[in-house]
Amino acid sequence: MSGGPPVVIGHPRPSATGPLRDVLGRLGVRRLTVVDGDGLAQAVADATAGSPQLLLLHAGLPGFGPDLLAGLREMAQLRDVPILVLGRFASGFHRAELMRAGATDLLARPLTLAELSARLSVYLERRRLDRSLQEVIRSLHSYHHGAMQRMALARQMQLGLLPDAAACRSLEGRYGIAMDSHFESSSELGGDLWGARPLDDRRFALFLCDFTGHGVAAALNTFRLHALLARTGLPADDPAETLRTLNGLLVGLLPEAQFAAMIYAVVDVSADRLVYATAGAPKPLVRHRDGRLEVGPSCGLPLGLAGEARYRNHCLDFPPGSTLLLFSDALYEARGWDGGMFGYGGVTDLVQGLGDDELERPLGCMLDRYFATVPRLLADDLTVLWISRSVRPRSGPD
Amino acid sequence: MAGPSGWRLAMWDGAMDYTVHDSGTLRELEMRGQITFEADTDFRTILAGWEKAGIADCVLNLSAVDYMDSAGLGLLVMANNAAKQAGIVFRLKHPRGQVRDLIEISEFHTIIPCEF
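As the structure is a computational prediction, the values presented were derived from the model and not from experiment.

What counts and how
Residues numbered from 1 in each chain as written. Chains lettered and ligands numbered in written order. Predicted model: local features only at pLDDT ≥ 70, side-chain atom pairs only at ≥ 80, totals over all residues. Axes fitted to C-alpha atoms, helices over the stretch in contact; angles between N-to-C directions. Helix = DSSP H or I, 4+ residues; strand = E, 2+ residues; numbered from the N terminus. Parallel < 35°, antiparallel > 145°, perpendicular 65-115°, else oblique. Left-handed = near helix turned anticlockwise from the far one by under 90°. Contact = placed C-beta atoms within 7 Å. Nonpolar A, V, L, I, M, F, W, Y, C, P; charged D, E, K, R; others polar. UniProt positions renumbered as here; feature names shortened; annotations may be inferred. Core = buried A, V, L, I, M, F, W, Y, C linked by C-beta atoms within 7 Å. Buried ≥ 20, exposed ≤ 12 C-beta atoms within 10 Å, placed from the backbone. Pairing = 2+ DSSP bridges. Right-handed = clockwise from strand over helix to strand, strands pointing away. Expected span 1.5 Å × (residues − 1).

## Here's the deal with the packing of helix H1 (residues 18–26) of chain A against helix H5 (residues 113–159) of chain A
Residues and elements named next belong to chain A. Where H1 contacts H5, the two axes come as close as 10 Å, and the packing angle between them is 50°. By the angle between their directions, the pair H1 and H5 is classed as oblique. You can see that H1 and H5 cross each other, and the crossing is right-handed. Every residue of H5 that contacts H1 at Pro19, Val23, Leu24 and Arg26 is listed here: Leu113, Leu116, Ser117 and Leu120. Of the residues assigned to the contact of H1 with H5, the class counts are six nonpolar, one polar and one charged.

## Section: the UniProt feature "domain: STAS" (unreviewed entry) in chain B
Here, UniProt's "domain: STAS" (unreviewed entry) annotation points to residues 29–116 of chain B. The distance from the first to the last C-alpha atom of residues 29–116 of chain B is 16 Å, and the span holds 44% helix and 30% strand.

## A look at the interface of chain B and chain A
In this assembly, 15 residues from chain B lie in contact with 17 residues from chain A. Listing elements by their share of the side of chain B that touches chain A, those giving two or more residues are helix H2 (70–86) and helix H3 (97–105) of chain B. At seven residues, the largest contribution of residues to the side of chain B that touches chain A is made by H2 of chain B.

## Some thoughts on the nonpolar core
Residue and element names in this part refer to chain A. Met262 and Ala265 are the most contacted members of the largest nonpolar core, which totals 95 residues. Broken down by element, the residue count for this core peaks at eight residues, all from strand S9 (residues 260–268). Not counting residues up to four positions away in its chain, the partners in contact with Ala265 are Ala205, Leu206, Pro239, Leu274, Val275 and Tyr276. By size, the runner-up hydrophobic cluster in this structure holds 29 residues, among which are Val8, Val44, Ile83 and Leu120.

## Describing the pairing of strand S2 (residues 32–35) of chain A
All names here are of chain A. Note that strand S1 (residues 7–10) and S2 share four bridges and pair parallel. Among the inter-strand pairings, Val8 is bridged to a residue of S2, identified as Thr33. Chirality of the crossover, the property in question, places the unit of S1, H1 and S2 among those that are right-handed.

## Considerations on H2 of chain B
Helical geometry: 3.6 residues make up each α-helical turn, so side chains three or four residues apart lie on a common side. The end-to-end C-alpha separation of H2 of chain B is 24 Å, in line with the 24 Å expected for 17 residues at 1.5 Å each. Those residues of H2 of chain B not exposed but buried are Ser70, Gly72, Leu73, Gly74, Leu75, Leu76, Val77, Ala79, Asn80 and Ala82 of chain B. Tucked inside the fold, the buried residues of H2 of chain B contact S9 of chain A together with strand S3 (26–35), helix H1 (40–52), strand S4 (57–68), strand S5 (89–93) and H3 of chain B. Downstream of H2 of chain B by a residue or two, Gly87 of chain B has a phi angle that is positive, lying close to 70°.

## Let's talk about the sheet that holds strand S4 (residues 83–87) of chain A
All names here are of chain A. What the five strands build is an open sheet, ordered S2-S1-S3-S4-S5; its pairing is parallel. Pairing within the sheet leaves two strands with one partner each, and these edge strands are S2 and strand S5 (105–108). The mean angle between the axes of side-by-side strands here comes to 20°, regardless of whether they run parallel or antiparallel. By the bridge criterion, four bridges tie S4 to S5 in an arrangement that is parallel. Bridging across to S5, Gly87 finds its partner in Ala108. Contacts between H5 and the sheet are confined to strand S3 (54–58), S4 and S5, with S3 contributing the most and set at about 150° to the helix.

## Examining the sheet that holds strand S14 (residues 323–327) of chain A
Residues and elements named next belong to chain A. Here five strands make up an open sheet; going across it, the order is S6-S15-S14-S11-S12 and the pairing antiparallel. Each edge of the open sheet carries a strand with a single partner, namely strand S6 (177–184) and strand S12 (293–295). Going from strand to strand, the sheet's axes swing by 15° on average, the running direction of each strand aside.

The structure is reproduced here in structure tokens:
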């Protein structure tokens, strides 16, 4: 056993504490401070930088009584320290009074040394365990605090991968669209990523990707993809070829059983259409001006599974006044309060149910209604993109 | 319930369970419930049992699986890779509802033979 904090003995005759010191020594106590009662509190304060392990007081100390005990207990460094009182106690009332005033236990004499040893060892062991536990808790608090700070930084970095407000406003002005998005991870970090970038004055590209799983591992994959997408040389205006190229880069890069569902679309505002390809991604949804919904086909191996995978381009009409909705599978795989899956049909019902008066902030309205039926703590990462084509003339060049 | 030649393993609430039917070197695994990340341990148990039993063909009957997510697809990939390494022919059978949609959207039948 190590020395640790000292045990403080308050005894009217310090020279008579030999047997006590022997017992404590055999229990592993290496540091002992013996004081005779005068200035006990000051002695405790001087003797220890922190808290002593234990305070053992002889009831014959000058001035000993409930007031002395209460005064000791008020000292911050003694608040949680066992205070044991050794002596003869005249009555039950007296014993109760001492306990109320702050004694942890009373060691009533006569007492054999073996009994004394047994009683003291209980409190010393409890104190050691308590200090160890406090140390573990402090260490966990410190680790948790550090981990939260690191996570917060990582989350900021992940959010930095997404198009910022300025990029979205630029696309809106250039192509005559309104963009809204929702990005919600099921934990601090997520496995979803979306992006949009101009191709030329009439076309822009848009993608939404969802890596398997969620949390840190999935988030690391989003950084991988972001770096790959930044490479020049991607056939960005051909969705199927873009997916084929990305798949080729991701195969061998992702660990077994990890892959990505992705939709990559090219919106052509001159041709009023959308060309897209999917790799295991949910079917895209177009809401036309007359309220009609069109569900686009989706088929294709998720990215990262097979090097020979090929993808197909699909085309959807996307005229002014219509809206394109892309989303990760969490939107329809989430379970409602009743335990039932929300389902793709639930999504189409939700979009169809939006009235014209809600088109000022359609995505917000849609998600308000969604989260009225689905508990907020999602099991998977959720991304939803809402792209509406304005019926007004575009401000940018054609 | 398991047939006379089958036995039931790994039952617990709200997750997945399965029944194993062996016929010579053909093993059919009748899956039930949900195939998600939580089924990982079950799948590893399944894979560990293949080689010991001298199985040459393995069919995953999905007709009673009511939900599978992308992590579940990942388990199918893992099983398929393990089967290839062990020289076992691995197939899927009768996916229904959401599971069928997921397999079709993801074209998993192009990497793992699937009888719809």
